[in-house]
Amino acid sequence: MQNINWEEPYCGEGNNCFRLGIDEDGNAYIAVAGAEDAYVTDTREALRTLIREIKAGKADHLL
């Protein structure tokens, strides 16, 4: 099991909280707060790209 350094949760309204983390190898992780054992992982560059694309509005159709 990886040693993941989790950030504080990012929460929306209600119980919609997500956590971001990284490990010693530079891999990035996203999980629902409280369910950190069921994470999605990829490279830090992939996470960086995802965040940029969301900020650019490319996921607005999901709102």
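Reading the values: rules and limits
Residues numbered from 1 in each chain as written. Predicted model: local features only at pLDDT ≥ 70, side-chain atom pairs only at ≥ 80, totals over all residues. Heavy atoms only, no water. Disulfide = S-S within 2.5 Å. Buried < 20%, exposed > 50% of the residue type's maximum accessible area, 1.4 Å probe, protein only. Salt bridge = Lys/Arg side-chain N within 4 Å of Asp/Glu carboxyl O. Helix = DSSP H or I, 4+ residues; strand = E, 2+ residues; numbered from the N terminus. Contact = heavy atoms within 4.5 Å.

K.L.:
Could you clarify how one ought to interpret the state of the cysteines in this entry?
P.N.:
Cysteine pairs can be covalently joined through their sulfur atoms, and such a bond is termed a disulfide. Scanning all chains against the criterion turns up one disulfide. Through a disulfide, Cys11 is tied to Cys17; the S-S separation comes to 2.1 Å. Looking along the S-S bond of the Cys11-Cys17 disulfide, the torsion reads about 115°, which is the right-handed sense. Here Cys11 falls in the partly exposed class, since its relative accessible area comes to 48%. For Cys17, a relative accessible area of 16% gives the class buried.

K.L.:
Any chance you could explain the pattern of salt bridges here in plain terms?
P.N.:
Close approach of charged atoms allows side chains with opposite charge to pair. Here the structure, examined in full by the defined rule, presents three salt bridges. Of the charged contacts in the structure, one is a salt bridge between Arg48 and Glu45, with a shortest N-O distance of 2.6 Å. With Arg48 and Glu45 both in helix α1 (residues 44-55) and three residues apart, this pair spans about one turn of that helix. The exposure class assigned to Glu45 is partly exposed, which follows from its relative accessible area of 42%. The partner of Glu53 in a salt bridge is Lys58, with the nearest N and O atoms 2.9 Å apart.

K.L.:
Just to check I follow, could you spell out the environment of Phe18 for this structure?
P.N.:
In this structure, Phe18 sits in strand β3 (residues 17-22). For the pair formed by Phe18 and Glu7, sequence separation is 11 residues and the distance between their alpha carbons is 9.4 Å. The residues touching Phe18, leaving out its near neighbours within four places in the chain, are Pro9, Tyr10, Ala31, Val32 and Ala33.

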